[in-house]
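Each chain is listed here by its residues.
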Amino acid sequence: MIDGFSFLQKELIIPILLGGLVVFNIYVWKEWQTKQRGRFVVNSIVALITILALAMLILEPTKEVEINDSQALVLTDNFDEVAKDSLLNHYKDIKVLDYNPKKSIRKELDSLTNVIVLGDGVEPYDFYLFDSIPTTYIPNAAPTGVTRLNYTEQLVLGNELRVSGSYSKPIEKSFLVLQDSRNNGLDSIQFVGDKNADFNLSTRPKVAGVYIYQLAVKDSAGVILETNPLPIEIQKKELLRVLILNTFPTFETKYLKNFLAESGHEVIVRSQLTKGKYKFEYFNTPTQPVYQFTDAVLQKFDIIIVDAETYVSFGKSAKSRFEKSIAESGLGLFIQPSDFLFNSRSSDAYFKFKRDRISTVPLPEFAAETEKYPYQFDEQLLVEPIRLGGSSNIAAYRQMDNGKIATTTLLNSYQILLNGKSEVYHGIWTTLLDKIAKKKGQVVSWKSNTKIPRIDEPFHFQVRTNVAEFGVINEDRISVSLVQKPLLPSHYSGTVHPKETGWNTLQVENDSTSFSYFVYDNIDWSALRSTANIAANKKKFGNGTKKNRTVVVDRPISLLVFYILFLLGIGWLWLSPKLSAEG
Amino acid sequence: MESGKLHLIKFHKRWQILSYAEAALYAIGIAVLFYLVSKNLWLGVLSFVVAVVAVLFIQRPWKHNLATTGTYVDAHVDEASFSTGLLLQPEDSLSNLAKLQRYKVSEELSKRLGAIHPPNKLKQALMVTLGLVLLGIVVQQLDLFKSVESVLENATNETQIQFIATDSIIEKSIIPKISSQDISVTYPSYTRKGTIAVSDPNIKTIAGATVQWLLVFDNSVTEVYLDRMGELIPLQKGENGYRIKQVLLESGFYSFKFKNEDGIEFTSDLFSLEAIPDNPPEIEILGLEQYTYFDFSDKKVVELQSTITDDYGIDEAYIIATVSKGSGESVKFREEKLKFKQAITKGVKSIRATKTLDLNTLKMEVGDELYFYIEAFDEKRPKRNVSRSETYFAVIKDTVGEQYGVEGTLGVDQMPDYFRSQRQLIIDTEKLIKDKPSITITEFKSRSNELGFDQKALRLKYGQFMGDESEMEEAPEEIESEEEGEDHDHAEDQENVIKEFMHDHDGDNEHNLVEKHEHHEENDTEEAEDPLHDYLHNHDDPEESTLFEESLKTKLRKALSIMWDAELHLRLNEPEKSLPFQYEALKYIQEIKNSARIYVHRIGFDPPPIKEDSRLTGKIKDIENYRKNETKEVENPFEALENAVARLEQFIQQESTFNEADNALFTAAGNELAKLAIANPSKYLQVLQGLKRIENNTERTMANYKFVQKGLLAALPKTAQVPGAKKEYTDDINSLFLKQLEVYD
């Protein structure tokens, strides 16, 4: 208000003033009627003062005051009682505030000149509250439990689910067990010693779908001490369309095509019999001979497997069509190796090799050994190795825009199959072909930016799409507002506040594409959350000394003056008629 | 006796009876309480007996005797003047004053004893009893122990086959129940176990056992079937119920199905049938090294100790001992079946069998080896299980060894050339004729004789193909007699020794033909016993030899006789005359060889004839493109299981509820799991039962969904590695980045 004056009961100002005015008018009217003219003016002034004093008593006027010594201790989760007590001892007048992310403490904070945060720290989304207040953070020690966690949240059936992280202060001899959604143990490690332990667990899920795996801690007797959910989504792989081109039939192709055909893929094999004559084999697909490699033909396939001779013998135009298809539509090309490939010194070869004179290679992950050509891949930009069974220099791919070209130095891999190790053979070819297979298009890509979403807390997500008119709705079919990035119009971000634990879905408006995210219980992953909070608070509030800020506060003015005024006024008004009567 | 004492005794009796009555009252109270709580009469009776005994032991009414009674009376009847004891003492031992007092007391007691009562707590006992009875009634009314009871009830009912209607609408109609079920397992006769009645419908028994179910229903039912892995077998209706017999050969599952009068189908839970195979006997050889070596001078005895055990009984066990003699190509084996020292009673489950193997009695010599193992049979029908122990070796060390060797430095193979071919013979003979003028008569004769011998050796060699033994007998001996005359005796001895224990029909016959007659006798007896004789090819008999077909045989026979003539003339030192025979023999041998070649030719590859004019011309105008189209079914034997797991997850997350389409899915999943479960019924039975309950809508609960899903997840095998495409969003900015990478490559 004027000159730093204000009232505590601001909302009552108008009714009180109006009421006062009415009372005053009545008084004036009454005084007029009684015709005590002599004291009319005096009485009226006294009445005005009295009524004003009464109004002030009710409105409680305040005055702005500058202060710079108001401190508060904000207690967050898992704060240390001892630290709290010693702080209270040290700072006599310190206020104690209990931090609860669900309740705002903004008001309390406004009048403070400096704040000490104790415990796990405030939630990062509440940092803005402390933006203008010098804040000191006294961090907690690292909590017990999983303090770092990475795992494959989305995978395709057949791939490995990997869970890695670190566990702080484990109980000696206890176990960390990766369990499926129904608590069947899948992988585990035992903690030795009570130091921080890094862990790496993995399993291959058996069924596609959306499941909540568990990461449990069990003591040495198998009693579950703690479990935390690991929500994962397992998708099925899509079938491939494969074209195999050979200058002559080989065993390698024969077994590869059988493997692919028996897995349900559409396979067309063209092997040359003699000049201009071919043997066509069609598996799981109608007859459609492939002679010319037009864009339309190449477009149909996800992977093309050719032997080196065939590919080199292609004319320039055929080759450029291949390359165009690879670069633009993401076709995968696999070149079956032969001495021809290793010896060609042409400058436009995709891969460079050097002789290493080693003709066998161990595959430690499969506990097997296999034959290879005595060459290895030379280092090249854009050529990335493909790890096969723990060996990294026997296969590589070259990125060509959206597509990939791959080859291997493995020789007669079908012999692995003939030796009865079909799992190894399938493993090798699955890895190779998975790497280069054309990706099936997806309209929308979702990404969660909040690691552990919880009820009523903000969940940030990111969406990428090329769809023009694009909107997202939540489960209640209410539109979620999205922020589009100005420079990257296909990138959006948004925030929702989930209301239920478990799976929540976001959906593209007028489309079936949806995104499921898992909302955790408050007790889940508490150590992980604490660790993240501590780190974020440390970063936010730093360590440097902070100057107390000056805060302007409205202090209530003592009401005693108004009270005395009121009493005197009332007293006069009571006394005045009597005096005039005597007089 | 005076009336006082009589009254005292009466009083004492009364007291005792009251004590017993008190005990009985307490016991009745306790018994009633137990009966009311347990609703079991026998438990009531038992608790009554126990309570009576317990209360009696606490009160010990038999401990009251007249003396204690007297003391009591003294204490309670003033008139007794503490002299009741006098009544109990014989009158004669008392003083006069005592007698007087005794009389007085006696008089008083007669009057007064009727008025006092022995101390008793009958009222208290009655109250307690009533209290207990009331408590029992209250408990019974309130059913406080209902849960306990139901547990007990269930325990008795667990083995009872329960039926559930497959359609849940008909709750109101009568559900026929099994009033009695009789499951009996008849073991195969050889196990000597007879028939055993079992109560648990999950049957686990030896393969080959016969299981019989006898089900009696309390209401009339129709179409009672046993569903054994999808195969419906009707139960026979008998006088007192439905009966079925099944032979248990392999593990599986079964359930019962029937319809009640309204035609509503009921099905029972799934139960397992587990066939445990009869294990073959186990043989353990105790304290024997696998290899035992003896020096020639040692006492060559092997003490064989073994234990043979079988789960149902041993039928037969013996030792198979094989003696091998010689080395290299001339090694010979002789096999003998030896009985144990102990006779083996058929059907015994465990036996300790011993045998002393004396290598001398086995006629083993230096360098010979004995291999032996134990073979044991059990009594399983129709085919006995057989098991054999590891093979043990006993060797008599041979310190002197002889070996033919080719000197490394010599470039020429000095090994004797035993057989010359017919062609070689002809060349040699012609050479001899040519050399005749230039050599001495003795040399000529000697060379001619040698050729004659070679001719004979050749003849004998061909004779072998005819299975012609008799013709060959002396051949090697002659070689020896000519080349190593001194060793002859020794060699013959050795052979004789061998012959004595030879009855190896298929062995090399070169050496043991001297004593042919003896062996024939032996053979005759054996053959007489051998009923299979007529059905076998016996290659020992030249007449039955099937090495060659008939025409070949005659040719060979001719060649052999011509060889005879050729040899004859060579022995007579007339090589010129021998030569034509030799040529003729050569011709026959060539023919025989050729006919053999034709035989090989016949089974070979017959290439299609190619026209001469189209061969190697390089024209490909007739070559066509080749097309092959094939659709391969992707067989995923666990597809339904996988889908069921995913579907169950939806139920558990409460995203969906059971609908009609799920029925087919869960039925298929059940079938797939059953295939897995056959090998191990007990492991998967509960999961399978749970799956069935979901399917027929008897237990569609969250707990069951979770349980079944857990079981299915555990049962599913590893995921096969199959390549495939992933779904991915292609981001403009990423594509742009990749393109730029290419540019700067």
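Peer 1: I'm lost on the overall build of chain A in this one. Help?
Peer 2: Scanning chain A from terminus to terminus reveals 13 helices and 36 strands. Taking the intrachain contacts of chain A between residues at least 6 apart in sequence as the baseline, contacts between residues at least 24 apart amount to 65%.

Peer 1: It is not clear to me how the overall build of chain B should be interpreted in this structure. Could you clarify?
Peer 2: For chain B, the count of helices and strands is 19 helices and 22 strands. Counting across all 745 residues of chain B, residues that qualify as buried make up 24%. Counting contacts in chain B only where the partners sit at least 6 residues apart, residues at least 24 apart contribute 66% of the total.

Peer 1: I keep staring at the sheet that holds strand β35 (residues 514–519) of chain A and nothing clicks. Help me out?
Peer 2: Sheet strands pair via backbone hydrogen bonds, and the direction of the pair is either parallel or antiparallel. All names here are of chain A. Across the sheet, which stays open at both edges, the 4 strands sit in the order β31-β30-β34-β35 with antiparallel pairing between neighbours. The open sheet is flanked by β31 (479–480) and β35, the only strands paired with a single partner. With 2 bridges connecting them, strand β30 (residues 472–473) and strand β34 (residues 502–508) associate as antiparallel partners. Paired with I473 across the bridge in β34 is Q507.

Peer 1: Would you explain the packing of helix α15 (residues 639–652) of chain B against helix α18 (residues 702–715) of chain B in this entry?
Peer 2: When two helices pack together, their arrangement is given by the angle between the helix axes and by the axis-to-axis distance. All names here are of chain B. Direction vectors running N to C along α15 and α18 enclose 150 degrees, while the axes themselves pass 9 Å from each other. Comparing their axes, α18 and α15 come out roughly antiparallel. In the packing of α15 onto α18, the handedness of the crossing is left-handed. Side by side, α15 and α18 meet where L641, A644, V645, L648, E649, F651 and I652 of the first sit next to M702, Y705, K706, V708, Q709, L712 and L713 of the second. Tallied by class, the residues present in the contact of α15 with α18 amount to 11 nonpolar, 1 polar and 2 charged.

Peer 1: Would you take a moment to explain the interface of chain B and chain A for this structure?
Peer 2: Bring the parts together and some accessible area is lost; that lost area is often taken as the interface size. Opposite the 44 residues of chain B that make contact, chain A presents 60 residues. Contributing elements (two or more residues each) for the side of chain B that touches chain A: β21 (626–630), α15, α18, β22 (727–728) and α19 (732–743) of chain B. Counting residues per element, the side of chain B that touches chain A draws most heavily on α19(B), at 7 residues. Split into classes, the residues belonging to the side of chain B that touches chain A amount to 17 nonpolar, 10 polar and 17 charged. Note that strand β27 (residues 440–441) of chain A and β22(B) share 2 bridges and pair parallel.

Peer 1: When you look at the nonpolar core in this model, what are you seeing that I'm missing?
Peer 2: Across soluble globular proteins, nonpolar side chains show a tendency to be buried alongside one another. Residue and element names in this part refer to chain A. V242, I303, I304 and A406 are the most contacted members of the largest nonpolar core, which has 59 residues in total. When residues of this core are assigned to their parent elements, the largest contribution, 7 residues, is made by helix α11 (residues 422–436). Not counting chain neighbours up to four residues away, the residues in contact with A406 comprise F334, I386, A395, A396, Y397, L432, K435 and I436.

Peer 1: It is not clear to me how the sheet that holds strand β2 (residues 61–67) of chain A should be interpreted in this structure. Could you clarify?
Peer 2: All names here are of chain A. Pairing in this open sheet of 3 strands is antiparallel, and the strands run β1-β2-β36 from one edge to the other. Looking at the sheet topology across the chains shown, the edges are occupied by β1 (5–7) and β36 (551–556). Pairs of neighbouring strands in the sheet enclose a mean axial angle of 45 degrees, with direction left out of account. Across 3 bridges, β1 lies against β2 in antiparallel orientation. By the bridge assignment, S6 is partnered in β2 with T62.

Peer 1: Where do I start with the pairing of strand β10 (residues 252–260) of chain B in this structure?
Peer 2: A regular strand places its side chains so that they alternate between the two faces of the sheet. Residue and element names in this part refer to chain B. As judged from the 6 bridges shared by strand β6 (residues 221–228) and β10, these two strands associate in the antiparallel manner. Bridge assignment links D227 to a residue of β10, and that residue is S255. Two elements, β10 and strand β12 (residues 271–276), share 3 bridges in a ladder whose sense is antiparallel. Looking across to β12, one finds that Y254 is bridged to F271. Direction of pairing for β10 relative to strand β11 (residues 265–268): antiparallel, over a ladder of 3 bridges. Within the sheet, the bridge partner assigned to K257 lies in β11 and is T267.

Peer 1: What am I meant to see in unusual backbone geometry here?
Peer 2: Excluding glycine, most residues fall at negative phi; most peptide bonds, likewise, are trans. Residue A367(A) is not a glycine yet carries a positive backbone phi of 55 degrees. With respect to the secondary-structure elements, A367(A) resides in the loop between β21 (360–363) and β22 (368–371). The backbone of K363(B) shows a phi angle near 55 degrees, a positive value even though the residue is not glycine. With respect to the secondary-structure elements, K363(B) resides in the loop between β17 (348–358) and β18 (369–378).

Peer 1: Looking at this model, I keep getting lost on helix α8 (residues 422–435) of chain B. Mind explaining?
Peer 2: Residue pairs three or four apart in sequence face the same way in an α-helix, which turns once every 3.6 residues. Residue and element names in this part refer to chain B. Helix length check: α8, at 14 residues, gives a terminal C-alpha distance of 19 Å against a target of 20 Å (1.5 Å per residue), a fit within 8%. Residues of α8 that are buried: Q422, L425, D428, T429 and L432. Angular distribution of buried residues about the axis of α8 spans 120 degrees; they occupy a single face of the element. Summarising the geometry of α8, the exposed residues directed more than 90 degrees from the buried face are I427, K434 and D435.

Peer 1: Can you walk me through the packing of helix α17 (residues 681–695) of chain B against α18(B) in this structure?
Peer 2: Residues and elements named next belong to chain B. Interhelical geometry of α17 versus α18 gives an angle of 130 degrees and a closest axis separation of 9 Å. In this view, α17 runs oblique relative to α18, as classed from their interaxial angle. The chirality of how α17 crosses α18 is left-handed. Here Y684, V687, G690, L691, R693 and I694 of α17 lie close against α18, whose contacting residues are N704, F707, V708, G711, L712 and A715.

Peer 1: I would appreciate a short explanation of the environment of L586(B) in the present structure.
Peer 2: Residues and elements named next belong to chain B. One can find L586 in helix α14 (residues 575–603). A tally of 19 C-beta atoms within 10 Å means that L586 is categorised as partly exposed. As a C-alpha pair, L586 and R423 span 163 residues in sequence and 6.8 Å in three-dimensional space. Here L586 is in contact with Q422, R423 and I426, once residues within four sequence places are set aside.

Peer 1: Looking at this structure, how should I read α15(B)?
Peer 2: The first and last C-alpha atoms of α15(B) sit 20 Å apart over 14 residues, in line with the 20 Å expected at 1.5 Å per residue. All of the buried residues along α15(B) are A640(B), L641(B), E642(B), A644(B), V645(B), R647(B), L648(B), E649(B) and F651(B). Each element contacted by the buried residues of α15(B) is listed here: β13 (209–218) of chain A together with α16 (660–678) and α18 of chain B. Q654(B) sits one or two positions beyond α15(B) and adopts a positive phi of about 60 degrees.

Peer 1: Help me understand the environment of E274(B) in this model?
Peer 2: Residues and elements named next belong to chain B. Considering the arrangement of structural elements, one finds E274 in strand β12. Since 19 C-beta atoms lie within 10 Å of it, E274 is described here as partly exposed. Put simply, E274 and L249 are 25 residues apart on the chain and 9.0 Å apart in space, counted from C-alpha to C-alpha. Residues in contact with E274, not counting those within four places in the same chain, are I203, K204, S251, P681 and S682.

Peer 1: What am I meant to see in the confidence of the model for chain B here?
Peer 2: As a general rule, the predicted coordinates of low-pLDDT regions are not to be interpreted in detail. All names here are of chain B. In this model, chain B carries an average pLDDT of 75, and 79% of its residues clear a pLDDT of 70 or more. Of all secondary-structure elements in chain B, the lowest mean pLDDT belongs to helix α10 (residues 475–483), at 42, while β18 reaches the highest, 88. Confidence drops under a pLDDT of 50 for residues 151–156, and excluding neighbours within four residues, the segment shows 0 contacts in the predicted structure. Confidence drops under pLDDT 50 across residues 504–528; counting only partners more than four residues distant or on other chains, this segment forms 18 contacts.

Calculation notes
Residues numbered from 1 in each chain as written. Chains lettered and ligands numbered in written order. Predicted model: local features only at pLDDT ≥ 70, side-chain atom pairs only at ≥ 80, totals over all residues. Helix = DSSP H or I, 4+ residues; strand = E, 2+ residues; numbered from the N terminus. Contact = placed C-beta atoms within 7 Å. Buried ≥ 20, exposed ≤ 12 C-beta atoms within 10 Å, placed from the backbone. Pairing = 2+ DSSP bridges. Axes fitted to C-alpha atoms, helices over the stretch in contact; angles between N-to-C directions. Parallel < 35°, antiparallel > 145°, perpendicular 65-115°, else oblique. Left-handed = near helix turned anticlockwise from the far one by under 90°. Nonpolar A, V, L, I, M, F, W, Y, C, P; charged D, E, K, R; others polar. Core = buried A, V, L, I, M, F, W, Y, C linked by C-beta atoms within 7 Å. Expected span 1.5 Å × (residues − 1). Arc of directions from axis to C-beta. pLDDT = per-residue confidence, 0-100.

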